[in-house]
Amino acid sequence: MSGEARLLVSSSPHIRDRASTRSIMLDVIIALIPSLVASTILFGLRALTLTLVTVAVAVIAEAVSRKVMKREDTIADLSAVVTGMLLAFNLPPTLPYWMAAVGAVVAVVVVKQLFGGLGGNFVNPALVGRVVLVISFPVAMTRWTVLTGSDVVATATPLAQLKAALASGSAVPGTGSLPGYLDLLLGTHAGSLGEVSVLALLVGAAYLLARRVIAPWAPLAFIGTVGLFAWVAGQPPLYHMLSGGLILGAFFMATDYTTTPLTWKGKLLFGFGCGLLTGLIRMFGGMDEGVSYAILLFNILTPHIDKWTRPVPLGGGARHARNA
Amino acid sequence: MALTWSFSGGTHPRSRKSTAESPTVRLDGFRRVVLPLSQHTGAPCRCLVTPGDLVKVGQRIGEPVGFLSAPVHATVSGRVVAIRRVLGYTGILGDAVEIESDGNYEIHPSVVPPTVTDRASFVAAIAASGLVGLGGASFPTHVKFSPPADRQPDTLLINAAECEPFLTSDYRRMVEDPAAVLAGVLHVMHYMSIPRAAIGIENDKPAAIAALHAVIDGKAAADPNGPAAAIEVVPLHTRYPQGAEKMLIYAMTGREVPSGGLPHDVKVMVLNVSTVAFIADHLQTGVPLVRRRLTLAGSAVASPANLDVPIGVPVADLVEAAGGFARTPAKVLMGGPMMGVALDSLDTPVIKANNAIIAFDEKEARIPDESVCIRCARCVEGCPMHLLPTSIDAAAREGDTEGLVEFHTMDCIECGTCTYVCPARRHLVQSIRNGKALLRKAEAKKKEARA
């Protein structure tokens, strides 16, 4: 009997956990859906179609570029879908489709695939896609609107209105044109497609935390630091914490695996740095919002943060290191 | 004394201990046994028999060579039919004695209870018994009993975590025979002059905890100032790899074994629960290590069970006697699924340190395809040694020895947690093992250059 059996020999361990790259990406997609639903209600069907366009272009761009580079097809890992969704969430809902498509191609081909594909990029693809669009199409990329009945009405974002109100001396949320806290939670104000409804984003974030897909360190440090910075600068902390792209960025982009640190200490440091830079840009810079740039800069610093926060092995590190 | 009762890192593989409530079954009547002369860390034994010799159970057939070696004894009575080269489970060829059993299990006259009066005679008796760590490490137990003079342990830890999925042989030993465990612990405390002991059991095994409590509390109540009163049963968090020596020591004492060091460096002695139970049996009967308990399980096995078998039984014969295969085995493991070794042949004999035979069918044996690392950090969070498995993996694949040193590759205990949790299905432990081999090669080259 032993003669017939051909046995497989491989290195231990011989069992694997169920979670896969694909299941993780699927969890992120699920977590983004509450916000997509909210935005479709808030901005109309165009929010949904714009997202579908960026997702479709991202997936096609991934498939084509892998084929051209003669590498195995990777669209089944769903990471291109996530990139497409996150890009759409960072765009004004009124952006022409072709511009959004340009952003998706830049994100997937230039930022991700030219650096080796998933796991190889050193900055967040969706955020670079957004920045390239801001630079290329500044007018269309800053056209902020709300839906009033069936009319698309141009208006300023809460952070821009806060800046103006503070300059005029009275900034009480919910008075004048300045949106109130309930508006910030529900998303009934102008802003990027997927950033407006804090409540919907937090539902998705809670799902990712519960599924242990993301760790809380970077988001907590990020949001906390922005609040602290605002408090020190004499501006309403909670208003800063709930507006702009902070909640979206902190939970869905400052937790991106590839472009943020490995250890919990590194993640804390990353979040703290992003918070500090966002505070500086928002309160002392020329722009209303700085979450994208803060995350991108700390993406670049991630290898260094990883080096500074390397864990000490149990027992103090290998002896042979001393002799080497 | 239990400070943390756990360690940081680790994971929770599905326990799959379906044999937990199956009483241990003694199997005999095997036609032949094959006894490798190297079943321990250290040099192989010198063969004491030649083909044609008649041997009896407990007769010494392999003489230890050097201190790190443990003798090998005949596990059946019968005739030596061959001395042949067999591929050991570690992948190294070595001599083995094949004995054809006469079916009588006649005991050799040399088997008498040892005269033990002090530490020296105790250590000598254990050395002569052929005992090695029964938890899987194969380290000769008498070597553990001979720490340097300045490293006298102050605490005896009994490893009863049995954290690997499927494994239940230690658990059955505790439930079925807690008195032997207690007696063994008392012997070691007495002869090794260790004032206190603690038995660490994962808290998903309440029956074992209760069984040990019952015998220990009974003895301690009878003699409140006696050594039994200094034995603690410590429930540990159920988390893999709780039973890894360094994790166990940290969880139960808060002490960190220094890198490259041994438990005695932090004044601790760790023994597997089945190892101490054997010590009690041996001092009473004098029978050397000729049998062991193991768990037979896995999707290809017809009747998963806990077995008590002679050492040296070929896996094929063992499975056949225990009910055979339900499905064609595609992968057969010696040990648990996290750290066990995949066998290349069903002719491989059961060895001293073999706590389980796990046979997977084709579906369960399938090796997943690797994809790229997405830096999710699950391996980093899971590593109980606080290493960066993904960084070691990258350095190993690039042959970057400097990086391998920098990332403390040699500290890896190969517990398998990183590979288990990796969503990209990367073969991290395999890659880290390659990295260790690269470092050893580099070290040897350096030595050569110096010489």
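What counts, and where the lines are drawn
- Residues numbered from 1 in each chain as written.
- Chains lettered and ligands numbered in written order.
- Predicted model: local features only at pLDDT ≥ 70, side-chain atom pairs only at ≥ 80, totals over all residues.
- Helix = DSSP H or I, 4+ residues; strand = E, 2+ residues; numbered from the N terminus.
- Buried ≥ 20, exposed ≤ 12 C-beta atoms within 10 Å, placed from the backbone.
- Contact = placed C-beta atoms within 7 Å.
- Core = buried A, V, L, I, M, F, W, Y, C linked by C-beta atoms within 7 Å.
- Domains from an automatic or database assignment.
- Nonpolar A, V, L, I, M, F, W, Y, C, P; charged D, E, K, R; others polar.
- Axes fitted to C-alpha atoms, helices over the stretch in contact; angles between N-to-C directions.
- Parallel < 35°, antiparallel > 145°, perpendicular 65-115°, else oblique.
- Left-handed = near helix turned anticlockwise from the far one by under 90°.
- Pairing = 2+ DSSP bridges.
- pLDDT = per-residue confidence, 0-100.
- Expected span 1.5 Å × (residues − 1).
- Bend = angle between axes of the 7 residues up to and from the residue.

**A word on the overall build of chain A**
Counting its secondary structure elements, chain A contains 14 helices and two strands. Based on the C-alpha atoms only, the size of chain A along its principal axes is roughly 85 × 45 × 35 Å. Across the 324 residues that make up chain A, the buried fraction comes to 50%. Long-range pairs, those at least 24 residues apart, make up 72% of the contacts in chain A between residues at least 6 apart in sequence.

**Points about the environment of Pro237(A)**
Residues and elements named next belong to chain A. The topology assignment puts proline 237 in helix H10 (residues 237–242). Given 17 C-beta atoms within 10 Å, proline 237 falls into the partly exposed group. Distance in space between the C-alpha atoms of proline 237 and leucine 78 is 36 Å, their sequence separation being 159 residues. Setting aside residues no more than four positions away along its own chain, proline 237 makes contact with Gly227, Ala230 and Trp231.

**Quick look at the nonpolar core**
Counting residues in hydrophobic clusters, the biggest one holds 222 residues, and the most contacted among them are Ile158(B), Val185(B), Val276(B) and Ile357(B). With nine residues, helix H1 (residues 21–43) of chain A is the single largest residue contributor to this core. If near-sequence neighbours (up to four positions away) are discounted, Val276(B) is found in contact with Ile158(B), Val181(B), Gly184(B), Val185(B), Val188(B) and Leu271(B).

**Quick word on the domain arrangement of chain A**
Residue and element names in this part refer to chain A. Splitting chain A by domain gives domain 1 (21–140) and domain 2 (215–308). The gap between the C-alpha centroids of domain 1 and domain 2 is 21 Å. Each partner contributes to the interface: domain 1 provides 12 residues, whereas domain 2 provides 12 residues. Among the elements of the structure, helix H3 (79–89) and helix H5 (125–136) are those that each provide at least two residues to the side of domain 1 that touches domain 2. Residue contributions to the side of domain 1 that touches domain 2 peak at four residues, all from H5. A per-class count over the side of domain 1 that touches domain 2 returns seven nonpolar, four polar and one charged.

**Focus on the environment of Ala395(B)**
Residues and elements named next belong to chain B. As for its position among the elements, alanine 395 is in helix H11 (residues 389–398). Note: C-alpha distance between alanine 395 and aspartate 361 (34 residues apart in sequence) is 34 Å. The contact partners of alanine 395, leaving out residues within four places of it in the chain, are Asp400, Gly403, Leu404, Phe407 and Gly435.

**Quick word on the packing of helix H4 (residues 178–191) of chain B against helix H5 (residues 206–222) of chain B**
All names here are of chain B. Two elements in contact, H4 and H5, have axes whose closest approach is 9 Å; the angle formed by their N-to-C orientations is 55°. Comparing the axis directions of H4 and H5 gives the class oblique. Taken as a pair, H4 and H5 cross one another with a handedness that is right-handed. Listed contacts from H5 to Pro178, Ala179, Val181 and Leu182 of H4 are Ala211, Leu212, Ala214, Val215, Ile216 and Lys219.

**Some words on the sheet that holds strand E14 (residues 305–310) of chain B**
All names here are of chain B. Taken together, six strands build an open sheet; the order of strands is E1-E14-E13-E17-E15-E16 and the sheet is mixed. Both edges of this open sheet fall to strand E1 (25–26) and strand E16 (341–342), since each of them pairs with a single strand only. Relative to E14, E1 runs parallel, the two sharing two bridges. Bridge pairing in E14 places valine 25 opposite leucine 307. Against the sheet, helix H3 (residues 169–176) engages strand E13 (291–297), E14 and strand E17 (356–360), with an angle of about 120° to E13.

**Overview of the domain arrangement of chain B**
All names here are of chain B. Domains assigned within chain B are domain 1 (28–104 + 288–364), domain 2 (119–285) and domain 3 (378–450). For domain 2 versus domain 3, the separation of C-alpha centres amounts to 31 Å. The interface is formed by six residues belonging to domain 2 together with five residues belonging to domain 3.

**Structural notes on the confidence of the model for chain B**
Residue and element names in this part refer to chain B. Scored by pLDDT, chain B has a mean of 94; 98% of the residues are at 70 or more. The element-level mean pLDDT for chain B is lowest in strand E7 (residues 78–87), coming to 92, with H4 highest at 98. The ipTM for the predicted assembly is 0.92, set against a pTM of 0.93.

**Observations concerning the packing of H3(A) against H5(A)**
Residue and element names in this part refer to chain A. Orientation of H3 relative to H5, taken along the N-to-C sense of each, is 40°, at an axis distance of 8 Å. Our classification of the angle between H3 and H5 gives oblique. Like other packed secondary-structure pairs, H3 and H5 cross with a definite hand, here right-handed. Residue-level inspection shows Thr83, Leu86 and Leu87 of H3 in contact with H5, the latter providing Pro125, Ala126, Gly129 and Arg130. Partitioned by chemical class, the residues of the contact of H3 with H5 number four nonpolar, two polar and one charged.

**Some remarks on helix H13 (residues 291–308) of chain A**
An α-helical turn contains 3.6 residues, so any two residues separated by three or four positions project in the same direction. All names here are of chain A. End to end, H13 covers 23 Å across 18 residues, agreeing with the expected 26 Å (1.5 Å per residue, within 8%). If you look at H13, its biggest bend is around 50°, right at leucine 301, and the proline proline 303 turns up within four residues after that. Of all the positions in H13, only Val291, Ser292, Ala294, Ile295, Phe298, Asn299, Thr302, Ile305 and Asp306 are classed as buried. Buried residues belonging to H13 abut H5, helix H11 (246–252) and helix H12 (264–284).

**What to know about the pairing of strand E11 (residues 231–236) of chain B**
Side-chain direction in a regular strand flips from residue to residue, so the side chains alternate between the two faces of the sheet. By the bridge criterion, six bridges tie strand E10 (residues 196–202) of chain B to E11(B) in an arrangement that is parallel. Paired with Ile201(B) across the two strands is Pro235(B), which belongs to E11(B).

**Notes on H3(B)**
Counting buried positions along H3(B) gives six out of eight residues, so the element sits mostly inside the fold. Turning to H3(B), its buried residues number three or more, namely Ser169(B), Asp170(B), Tyr171(B), Arg172(B), Arg173(B) and Met174(B).

**So, the interface of chain B and chain A**
Each side of the interface is counted separately: chain B has 57 residues, and chain A has 38 residues. Looking at the side of chain B that touches chain A, its residues break down into 35 nonpolar, 13 polar and nine charged.

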